[in-house]
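Fold and geometry: a report
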Amino acid sequence: MSSFLNTLLGWVGLAPPRIICARRVWEAGVHELARRTLGETRESGAYLLGRTRDNGMHEILEFVFYDDVDPKALATGIVTIRETALPRLWEICRARGYGVVADVHVHPFGYGQSASDRAGPVMPRAGHIAFILSNFARDTPKPGAIGMYEFLGNGQWADHSPRGRRFLKLA
Ligand SMILES: [Zn+2]
């Protein structure tokens, strides 16, 4: 579909969402992220694995929690991705036939990006999507109250948070 047509459809609310996830997968994953903050004493996060359809829409199929791939990922209280964890991640992707379509992490308060979030995309590739959940993911934040950022390359990001369910659709 041409981007012009997508723009037109977007105006009337008919453009396909950029990324979708089964509601049960999303809610179970978000609950688990909240649990892994250990009583809201540290941040937690996950790689979001899935597939990309021909129209470019991503589908999230599985959460892979940072601390399952790297036991030290949450040790400082702030999510730290170490390159030593990546071979384990690629092994999981290969075994499932999935790619990393996005990532998600929690913040203690708001869902805005920190300077380090902006400086260090989890997958430094244009089109990668990063979600941020406020208040340690307490009360399962919904699209519209979730930070949704797309890495554009060269340190630039697009903020899609206000698009809510038109960007991330839970079905
Ligand atoms: Zn952050």
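Structure shown above.
This write-up is about the structure you can find in this document. This structure is a prediction, so every number in the text was calculated from the model and none was measured. (Residues numbered from 1 in each chain as written. Predicted model: local features only at pLDDT ≥ 70, side-chain atom pairs only at ≥ 80, totals over all residues. Heavy atoms only, no water.)

Residues Ile-19, Trp-26, Ile-60, Phe-63, Phe-131 and Leu-133 are the most contacted members of the largest nonpolar core, which totals 24 residues. Breaking this core down by element, the ones donating at least two residues are β1 (19-21), α2 (23-35), β2 (45-52), β3 (58-65), β4 (99-106), β5 (129-133) and β8 (168-170). With 4 residues, β4 is the largest single contributor of residues to this core. Contact partners of Ile-60, with chain neighbours within four places excluded, come to Ile-19, Ile-20, Cys-21, Trp-26, Leu-48, Leu-49, Val-101 and Phe-131. Core analysis: the next-biggest nonpolar cluster, separate from the first, contains 13 residues, Tyr-47, Val-64, Tyr-66 and Leu-89 among them. (Core = buried A, V, L, I, M, F, W, Y, C linked by side-chain atoms within 4.5 Å. Buried < 20%, exposed > 50% of the residue type's maximum accessible area, 1.4 Å probe, protein only. Helix = DSSP H or I, 4+ residues; strand = E, 2+ residues; numbered from the N terminus. Contact = heavy atoms within 4.5 Å.)

The subject of this paragraph is the coordination of the zinc ion. Binding of the zinc ion to the protein goes through His-105 (NE2), His-107 (NE2), Asp-117 (OD) and Asp-117 (OD), at separations of 2.0 to 2.5 Å. Taken together, the 4 donor atoms coordinating the zinc ion span angles of 56 to 154° at the metal, a pattern that classifies the geometry as irregular. Motif for the zinc ion, donor spacing along one chain: H-x1-H-x9-D. Overall, His-107 belongs to the buried group, its relative accessible area being 8%. (Donors = N, O, S within 2.8 Å, 3.2 Å for Na, K, Ca; no water. Tetrahedral: all angles 85-135°; square planar, octahedral: opposite > 155°, others 65-115°.)

A few words on the pattern of salt bridges. The tally for this structure, following the rule as stated, stands at 12 salt bridges. Arg-36 is the salt-bridge partner of Glu-32, the closest N and O atoms lying 2.8 Å from each other. Arg-36 carries the same exposure label as Glu-32, and that label is buried. In this structure, Arg-36 and Asp-68 form a salt bridge, with 2.9 Å as the shortest nitrogen-oxygen distance. Of this pair, Arg-36 sits in the loop between α2 and β2 while Asp-68 sits in helix α3 (residues 66-69), placing them 32 residues apart in sequence. Shared partners join several salt bridges into a network, and the residues in it are Glu-32, Arg-35, Arg-36, Arg-42, Asp-67 and Asp-68. (Salt bridge = Lys/Arg side-chain N within 4 Å of Asp/Glu carboxyl O.)

Moving on to the state of the cysteines. Per the counting criterion, the structure on display carries 0 disulfides. Free cysteine Cys-21: the closest other cysteine sulfur is in Cys-93, separated by 15 Å. We classify Cys-93 as buried; its relative accessible area is 6%. (Disulfide = S-S within 2.5 Å.)

Let us now look at the side chain of Glu-150. Along the chain, the position of Glu-150 falls in strand β6 (residues 147-153). Engagement of the side chain of Glu-150 in a polar contact is seen with the side chain of His-160, the distance being 2.7 Å. Apart from the residues lying within four places of it in its own chain, the contact partners of Glu-150 are Arg-18, Gly-127, His-128, Ile-129, Gln-156, Trp-157, Ala-158 and His-160. (Polar contact = N/O pair within 3.5 Å; in protein donor to acceptor, adjacent residues only side chain to side chain.)

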